[in-house]
Amino acid sequence: MLDLNLDLVLVPTGILFLVAYHIYLLYRIIKHPNTTVIGFENGNRRVWVQQMMENMPNNTGLALQVVASNISAAVYLISLSITLSSLIGTLVGASTTSSGTTGSTKGLVNVIIFGDKSAFTASVKYVSLLVCFLTAFMSHVQCIRYYIHVSFLISTPHSSVPADYIENSVIRGSNFWSLGLRAYYFAFPLLLWIFGPIPMFICSLGMVSTLYFLDSTVNPIPPFPIKSSSKARAGGVLDIDRGIESNAGLNQYRLGGLLELQ
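The sections below set out a description of the structure shown in this document. The structure displayed is predicted, hence computed values, not measured ones.

Below, the discussion takes up the overall build of the protein chain. For the protein chain, the count of helices and strands is 7 helices and 0 strands. Helices and strands appear in the protein chain in the N-to-C order α-α-α-α-α-α-α. Within the protein chain, residue pairs in contact and separated by at least 24 positions form 68% of the contacts whose partners lie at least 6 positions apart. Here the protein chain has roughly 14,100 Å² of accessible surface; of this, 69% comes from carbon and sulfur atoms.

This is the structure:
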């Protein structure tokens with residue numbers, strides 16, 4: 001009875017901590033993007049698109065190479081998620097077969113110190129892991145979809161596609177990439193749940209603390225200069241900090257060769 005109560009209390013509490021942190025992170029990304037690493041990276045991507053679009057006939061090869069490298073990384077993570085999903089499916093079948101009529105599982109579950117050891121609980125653990133890996137798979141598929149769309153837009157000759165349209169596709173692909181990684185982060189505490197609810201709960205707390213450190217910026221993001229590749233704008237400066245807050249004024253040109261992200 002004590003083992004069952006541990007699963008009913010610690011596991012939902014650990015999941016609640018993870019969900020609550022990501023809701024808080026989403027709020028910060030929407031309201032205060034300059035305080036998060038994701039918002040900072042999105043600002044960098046907007047600047048990258050602007051720089052590539054300034055001298056597109058000459059930057060097409062470089063832009064396509066960057067997009068292709070992101071697609072390759074997403075393909076690797078897709079392969080990883082499919083492999084792990086297949087492994088989890090095999091474990092579910094093996095645990096169901098080995099339980100037989102005894103109502104308890106064998107194998108890895110035997111090393112649990114505390115926690116419910118029933119076949120039903122073991123199946124819930126494996127299915128939860130499977131959901132995380134399938135979510136990562138779908139997220140990275142969507143990431144590849146948007147990046148492929150970006151490659152078509154960039155490589156179109158004599159294209160008049162607005163830079164904002166390409167920016168939106170790049171940012172959406174990046175967001176799906178982040179979502180896929182978060183699915184892997186969720187899977188790690190669930191993986192430790194196989195060895196009991198206590199390791200899962202401790203891992204959840206450690207995961208939230210680590211992610212908070214990795215997702216936050218200690219100080220406001222300072223502006224740093226990026227030289228323009230266009231001859232007419234050589235020596236220009238881009239203010240990334242302002243670019244995170246707004247895209248308005250990205251295409252304004254001022255005398256003196258300066259670009260400001262207003």
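Next comes the rest of the write-up.
Bringing the environment of Gln 50 into the picture now. Positionally, Gln 50 belongs in helix H2 (residues 37–54). Sequence separation between Gln 50 and Ala 163 is 113 residues, and the spatial gap between their C-alpha atoms is 6.7 Å.

Look at H2 against helix H5 (residues 163–193): their axes get within 10 Å of each other, and the N-to-C directions meet at 145°. Relative to H5, the crossing made by H2 is right-handed. Taken together, the residues of H5 that come into contact with H2 (itself represented by Ile 38, Asn 42, Arg 45, Arg 46, Val 49, Gln 50 and Met 53) are Ala 163, Asp 164, Ile 166, Glu 167, Val 170, Ile 171, Ser 174, Asn 175 and Arg 182. A class-by-class count of the residues in the contact of H2 with H5 yields 7 nonpolar, 4 polar and 5 charged.

Moving on, we get to the packing of aromatic side chains. Across all of its chains, the model carries 3 aromatic pairs by this definition. Ring centres of Tyr 146 and Phe 176 lie 5.8 Å apart, and the angle between their planes is 15°; this geometry places the pair in the stacked category. Separated by 30 residues along the polypeptide, Tyr 146 in helix H4 (residues 119–155) and Phe 176 in helix H5 bring together distant segments of the chain. Take Tyr 146: its relative accessible area is 14%, and that puts it in the buried class. Sitting above the plane of the Tyr 146 ring, Arg 145 keeps its charged end 4.9 Å from the centroid.

A word on the pattern of salt bridges. The final tally for this structure, using the stated rule, is 2 salt bridges. Arg 45 serves as the salt-bridge partner of Glu 41, at 4.0 Å between the closest nitrogen and oxygen. Here Glu 41 and its partner Arg 45 are both found in helix H2, 4 residues apart, which amounts to about one turn of the helix. A relative accessible area of 33% places Glu 41 in the partly exposed class. On the basis of relative accessibility, which here comes to 22%, the residue Arg 45 falls in the partly exposed class. Close ionic contact of Asp 215 with Arg 182 constitutes a salt bridge, the shortest N to O distance being 2.7 Å. Here Asp 215 is found in helix H6 (residues 197–215), whereas its partner Arg 182 is found in helix H5, with 33 residues between them in sequence. By relative accessible area, which is 12% here, Arg 182 ends up buried.

This brings us to the environment of Phe 114. Examined against the element boundaries, Phe 114 turns out to sit in the loop between helix H3 (56–99) and H4. Given a relative accessible area of 39%, Phe 114 falls into the partly exposed group. Put simply, Phe 114 and Pro 199 are 85 residues apart on the chain and 9.6 Å apart in space, counted from C-alpha to C-alpha.

In this section: the packing of H5 against H6. Relative to each other, H5 and H6 sit at 155°, their axes nearing to 7 Å. It follows that H5 is roughly antiparallel to H6 by the angle criterion. In the packing of H5 onto H6, the handedness of the crossing is right-handed. Here Arg 182, Tyr 185, Phe 188, Pro 189, Leu 190, Leu 192 and Trp 193 of H5 lie close against H6, whose contacting residues are Pro 197, Pro 199, Met 200, Cys 203, Ser 204, Met 207, Leu 211 and Asp 215. Its residues assigned to classes, the contact of H5 with H6 comprises 12 nonpolar, 1 polar and 2 charged.

What follows is about the environment of Val 37. With respect to the helices and strands, Val 37 occurs in helix H2. Remark: the alpha-carbon pair of Val 37 and Ser 216, spanning 179 residues in sequence, is separated by 5.8 Å. Contact partners of Val 37, with chain neighbours within four places excluded, come to Leu 214, Asp 215, Ser 216 and Thr 217.

What follows concerns the side chain of Asn 42. Relative to the elements of secondary structure, Asn 42 occurs in helix H2. Residue class for Asn 42 comes out buried when judged on its relative accessible area of 7%. If near-sequence neighbours (up to four positions away) are discounted, Asn 42 is found in contact with Ile 171, Ser 174 and Asn 175.

Conventions adopted
- Residues numbered from 1 in each chain as written.
- Predicted model: local features only at pLDDT ≥ 70, side-chain atom pairs only at ≥ 80, totals over all residues.
- Heavy atoms only, no water.
- Helix = DSSP H or I, 4+ residues; strand = E, 2+ residues; numbered from the N terminus.
- Contact = heavy atoms within 4.5 Å.
- Areas by Shrake-Rupley, 256 points an atom, 1.4 Å probe, with all protein chains shown as cover.
- Axes fitted to C-alpha atoms, helices over the stretch in contact; angles between N-to-C directions.
- Left-handed = near helix turned anticlockwise from the far one by under 90°.
- Nonpolar A, V, L, I, M, F, W, Y, C, P; charged D, E, K, R; others polar.
- Phe/Tyr/Trp six-rings, centres within 6.5 Å; stacked < 30°, edge-to-face > 60°.
- Buried < 20%, exposed > 50% of the residue type's maximum accessible area, 1.4 Å probe, protein only.
- Lys NZ or Arg CZ within 6 Å of the ring centre and 35° of its normal.
- Salt bridge = Lys/Arg side-chain N within 4 Å of Asp/Glu carboxyl O.
- Parallel < 35°, antiparallel > 145°, perpendicular 65-115°, else oblique.

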